[in-house]
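# Structural features, examined
The residues making up each chain are set out below.
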Amino acid sequence: MIVSKFGGTSVGSAENIKKVIQIVQSKSEASAVVVSALGGVTNLLIKASQQALENNVNYADIVDEIEDRHFQTIEGLLHHDNQTVCKAEVAKKLNQLKDILNGVALLNDLSEKTTARIVSLGEQLSSFIIHQSMLQAGIKAQLVNSSECIKTDDQFLNAQVELEKTYGNIKAKIKESDAQVHILPGFIASNNKGEITTLGRGGSDFTAALVANAVSASLLEIWTDVSGMFTANPQLVRQAYPIEEISYQEAMELSHFGAKVLYPPTIQPVLDKNIPILIKNTMAAEDKGTLITEKSLVSGSIVKGISHIGDIALLTLEGNGMVGVPGISKRLFGALAQNNINVKFITQASSEHSICIAIDSNESTLAKQAVDAAFEFEILQHKVNPLIVEDGLAIIALVGDHMKSHQGISGKMFSELGNNNVNIRAIAQGSTEKNISAVINEKDVRKALNSLHAVFFEDQIKQINLFVVGIGNVGGKLVEQIRSQYKYLLENLHLNIRVVAVANSRKMLFDPSGVDLEKWEDELDAKGLSSDMSAFMVKMKELNLRNSVFVDNTANQDVPDLYEACLKHSIAVVACNKIACSSSLDNYKNLKYLSRKYNAPFLFETNVGAGLPIIDTLNNLISSGDEITEIQAVLSGSLNFIFNNFSADSSFYNVVEQAGIEGYTEPDPRIDLSGIDVMRKILILMRESGMPCELDDIENDSFLPQVSLDANTVPDFMETLKQASQHFEDLRTKAEAADSRLKYVASYKNGKAKVGLQHIPKEHPFYNLDGKDNIVLFYTNRYKDQPLIIKGAGAGAEVTASGIFGDIIRTGNK
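In this report, the structure presented in the accompanying data block is examined. Only a predicted model underlies this, so the values are computations on that prediction, with no experimental measurement involved.

Further remarks concern the overall build of the protein. Of regular secondary structure, the protein possesses 30 helices and 30 strands. Rg of the C-alpha trace for the protein: 36 Å, well past the compact-globule value of 28 Å for 814 residues, more than 25% over. A burial count over the protein gives 54% of its 814 residues as buried. Contacts spanning at least 24 positions in sequence make up 72% of the contacts within the protein whose residues lie at least 6 apart. Side-chain charges in the protein split into 76 positive and 98 negative, and the spacing between the mean points of these groups amounts to 4 Å.

Here is the structure:
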């Protein structure tokens with residue numbers, strides 16, 4: 001015989017009950033069907049009883065609501081001729097309920113005995129309706145009164161079952177019938193006086209387990225609204241999937257730590273006879289589900305599931321007076337037990353100086369009162385400190401029978417949590433190693449679950465969550481490159497790159513599931529909030545996503561102020577903005593330090609040379625023990641473009657204007673033409689090569705006339721270029737007369753740096769530098785005579801975006 005239990009959602013509507021009947025009809029052997037109340041009805045019954053106790057007349061409306069709910073279900077299931085009898089029975093029982101509630105209101109008393117009678121009604125009604133529906137469908141079914149079979153003590157709301165008597169009753173009741181299907185209401189029992197009792201939390205599961213044991217069932221099916229036990233909570237981890245097979249012990253551990261499919265104490269009867277349990281989805285009966293047996297197969301991940309319990313308080317009892325004193329633990333747990341406080345987690349230092357335990361947060365105040373009272377004398381003597389209570393925590397746990405035989409599981413778990421800035425407050429692990437638990441901040445639960453799931457269950461696919469600020473020329477190209485390369489990165493580099501936020505100077509848009517890169521511009525306009533970088537930072541921290549990367553595509557002076565906060569929250573920073581790395585030396589050093597401390601990459605390859613691997617090459621030279629002795633470079637693609645195109649046929653003004661149109665200059669061309677941009681770049685290279693220096697240490701030999709340097713606005717500046725046209729013509733003609741080309745060069749040697757316009761002769765490597773190209777010559781201890789040369793496009797949205805993209809990929813490979 002197969003025993004099938006259908007929960008509240010499975011019998012929550014006429015449509016779902018039809019699916020239940022189809023499932024039962026599909027079975028080739030006799031079955032016992034245990035049903036819960038229609039979904040939500042038990043809560044309504046409890047609410048009605050509380051309102052009656054408070055003499056709130058609205059309890060009658062709740063009874064009417066319950067009646068309407070059941071009548072609608074009957075009308076959706078039964079033919080018109082069969083509805084009358086069924087509705088009459090429901091109305092009769094609900095009239096009895098009204099009488100009971102009227103008595104509660106009149107006497108202003110609600111005993112546990114009365115509560116049991118009230119809450120048992122849901123299962124009585126649902127089992128009756130389902131029985132009538134099965135008869136109509138031609139199924140040979142019998143309705144069995146669970147309260148006559150299951151005998152308990154006199155605890156009305158959480159009764160203890162008399163197992164031997166119960167097993168005998170169930171076996172006899174089912175044996176005497178020739179029905180193909182036996183229907184039993186779950187949750188309901190009775191004491192030896194025949195009074196209704198209930199089985200408490202998970203009561204319907206318990207009923208099904210008792211029936212399965214009594215009839216020595218071949219299988220116990222638990223039908224619910226999910227397709228089995230999942231590797232993690234699918235509401236928090238989108239990549240979670242059903243576990244095909246799991247052991248009893250693994251299932252119990254996962255259920256204890258928050259998996260809602262099973263309530264561990266209720267399935268003990270099937271464990272006693274090693275009856276397999278199959279978790280199935282009523283709404284997707286074809287799904288395989290999860291099979292729970294005595295031993296699970298050693299296949300796939302050694303870790304079978306990740307679960308958590310939220311709303312936890314951590315209690316710490318500590319003091320020098322605890323060391324070597326027998327009985328401290330007994331007194332601590334005794335004080336908690338006397339107040340019916342359940343302990344979920346225990347850890348103790350080997351020094352015996354402290355004991356940490358975790359309990360439900362709503363019991364923390366009572367726990368502190370109880371423990372402080374128990375240790376009042378020791379606290380007064382300063383031998384023990386008053387109990388320390390920390391709220392807002394959660395327990396996260398890895399579960400698997402075979403973790404003990406595999407090294408490195410704990411290390412992998414804690415390393416991944418640390419890499420994502422998830423602080424561990426306490427750790428517990430039994431010698432069997434079926435469970436490794438850690439207490440963390442509740443706000444970190446989603447990030448922790450997703451990080452651990454990716455490591456232990458996914459094909460080592462790393463998800464990177466991007467927060468992109470600046471979506472103009474460069475940012476727009478970056479988004480397009482990410483969209484076009486998404487599939488390649490997923491398949492070849494195992495990187496799942498999601499843009500979860502975009503922002504420009506006007507609006508910002510957040511979507512934790514990933515912004516649609518096909519229509520992000522329309523969504524930003526339609527759904528975007530007013531842009532506010534402080535609010536952007538708050539939201540980024542609030543989302544608390546694993547592997548978060550803040551991408552700064554701006555030239556804004558204020559955006560780099562966010563870098564420090566990002567790094568402190570283990571949010572990687574990728575920037576083409578040069579402001580931070582060319583700011584004060586103390587700030588530069590601090591950002592590099594925070595990057596190391598919080599294991600958050602701080603990457604800025606595009607600060608120099610756009611997409612060229614200049615900084616990466618420099619870092620590799622330094623890391624390998626080489627030393628930079630001299631740098632010569634043309635570092636401004638915009639200035640190179642300008643002087644390469646400046647001729648007798650094109651005025652200096654026209655060329656600068658064209659450079660701006662093509663995106664080679666900054667929005668404010670003064671940054672490029674004043675030399676400040678090149679100064680920042682050579683400063684960054686000097687700092688990366690180990691030279692401690694400030695921007696003021698660099699000599700700037702400007703080619704601009706004073707009138708241009710004094711211009712206050714961009715339009716005024718552009719106008720001065722027209723006015724000083726002869727000045728620029730003189731620069732050009734002098735270079736041509738010397739058979740040279742004009743290049744804006746940055747140089748560093750012997751601790752000194754300089755930027756300025758130079759005449760470059762034909763034999764120099766810079767002479768044939770065309771278009772917007774950059775070139776860097778590194779002279780080192782190893783490259784003394786022939787420098788290491790890096791040359792290529794050093795400006796433009798496409799190549800800059802590709803450099804930023806490269807840095808983003810590097811964060812995924814950290």
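Additional details are given in the paragraphs that follow.
The phi dihedral of F187 is positive, around 80°, even though this residue is not glycine. With respect to the secondary-structure elements, F187 resides in the loop between β5 (181–185) and β6 (188–191). The backbone of H494 shows a phi angle near 55°, a positive value even though the residue is not glycine. For H494, the location among the structural elements is in the loop between α17 (473–493) and β19 (495–503).

Attention shifts here to the packing of helix α3 (residues 59–77) against helix α6 (residues 121–136). In the contact formed by α3 and α6, the axes pass within 11 Å of each other and the chain directions differ by 10°. Taken together, the axis directions place α3 and α6 in an arrangement best described as roughly parallel. In this structure, α3 contributes H70, T73, I74 and L77 to the contact, and α6 contributes L125, I129, S133 and Q136. Looking at the contact of α3 with α6, its residues break down into four nonpolar, four polar and no charged.

What follows is about the pattern of salt bridges. The full count for this structure, using the stated rule, is 36 salt bridges. Its salt-bridge partner being E195, residue K113 comes within 2.7 Å of it at the nearest N-O pair. Remark: E195 occurs in the loop between β6 and β7 (196–198) and K113 occurs in helix α5 (residues 112–119); sequence separation between them is 82 residues. Assessed through its relative accessible area of 37%, K113 is described here as partly exposed. On the basis of relative accessible area, E195 is assigned to the partly exposed category, the value being 21%. Put simply, R670 and D668 hold a salt bridge, and the shortest N to O gap is 2.8 Å. Residues joined in a network through salt bridges with shared partners are E148, K173 and E176.

This brings us to the packing of aromatic side chains. As enumerated under the stated definition, the model contains 16 aromatic pairs in all. For the ring pair F641 and Y664, a centre distance of 4.7 Å and an interplane angle of 55° mean the geometry is tilted. Taken together, the residues F641 in helix α23 (residues 637–645) and Y664 in the loop between α24 (652–661) and α25 (670–673) connect sequence positions 23 residues apart. An identical accessibility class is assigned to F641 and Y664; each is buried. With a centroid separation of 4.0 Å and an interplanar angle of 15°, the aromatic rings of F652 and F728 are classed as stacked. Of the two residues, F652 sits in helix α24 while F728 sits in helix α29 (residues 725–737), which places them 76 residues apart along the sequence.

Attention now moves to the packing of α24 against helix α28 (residues 714–723). Where α24 meets α28, the closest approach of the two axes is 8 Å, and the angle between their N-to-C directions is 145°. Contact residues: α24 offers F652, Y653, V656 and E657, while α28 offers M718, L721 and K722. Class assignment of the residues belonging to the contact of α24 with α28 gives a composition of five nonpolar, no polar and two charged.

Turning next to helix α12 (residues 328–338). For α12, the full list of buried residues reads I328, L332, A335 and L336. Taken around the axis of α12, the buried residues stretch over an arc of 95°, which confines them to a single face. Residues of α12 that are exposed and point more than 90 degrees away from the buried face comprise K330 and Q338. Directly beyond the C-terminal end of α12, a positive phi value near 55° is found at N340.

Further remarks concern the sheet that holds β6. Sheet architecture is open: three strands sit in the order β4-β6-β7, paired in mixed fashion. At either margin of the open sheet sits one strand with a lone partner, and together these are β4 (151–152) and β7. Alignment of β6 against β7, held across three bridges, turns out to be antiparallel. When the bridges of β7 are listed, A189 appears paired with T197.

A few words now on the side chain of S582. Along the polypeptide, S582 turns up in the loop between β23 (572–575) and α21 (585–597). For S582, the residues in contact, after removing those within four places along its chain, are R680, L683, I684 and R687.

Taken in spatial order, the six strands of this open sheet run β26-β28-β27-β25-β29-β30, and their pairing is mixed. Since the sheet does not close on itself, it has two edges, and those belong to β26 (698–701) and β30 (788–793), each with one partner. Taken over all neighbouring pairs, the strand axes of this sheet differ in orientation by 20° on average, direction set aside. Where strand β27 (residues 741–749) and strand β28 (residues 752–760) come together, nine bridges link them in antiparallel fashion. From the neighbouring strand, K749 faces β28, where its bridge partner is K752. In the packing of α29 onto the sheet, the strands contacted are β27 and β28, and the crossing angle to β28 comes to about 75°.

About the thresholds
- Residues numbered from 1 in each chain as written.
- Predicted model: local features only at pLDDT ≥ 70, side-chain atom pairs only at ≥ 80, totals over all residues.
- Heavy atoms only, no water.
- Helix = DSSP H or I, 4+ residues; strand = E, 2+ residues; numbered from the N terminus.
- Rg over C-alpha atoms; globule rule 2.2 N^0.38 Å.
- Buried < 20%, exposed > 50% of the residue type's maximum accessible area, 1.4 Å probe, protein only.
- Contact = heavy atoms within 4.5 Å.
- Lys, Arg positive; Asp, Glu negative; His and termini not counted.
- Charge placed at Lys NZ, Arg CZ, Asp CG, Glu CD.
- Axes fitted to C-alpha atoms, helices over the stretch in contact; angles between N-to-C directions.
- Parallel < 35°, antiparallel > 145°, perpendicular 65-115°, else oblique.
- Nonpolar A, V, L, I, M, F, W, Y, C, P; charged D, E, K, R; others polar.
- Salt bridge = Lys/Arg side-chain N within 4 Å of Asp/Glu carboxyl O.
- Phe/Tyr/Trp six-rings, centres within 6.5 Å; stacked < 30°, edge-to-face > 60°.
- Arc of directions from axis to C-beta.
- Pairing = 2+ DSSP bridges.

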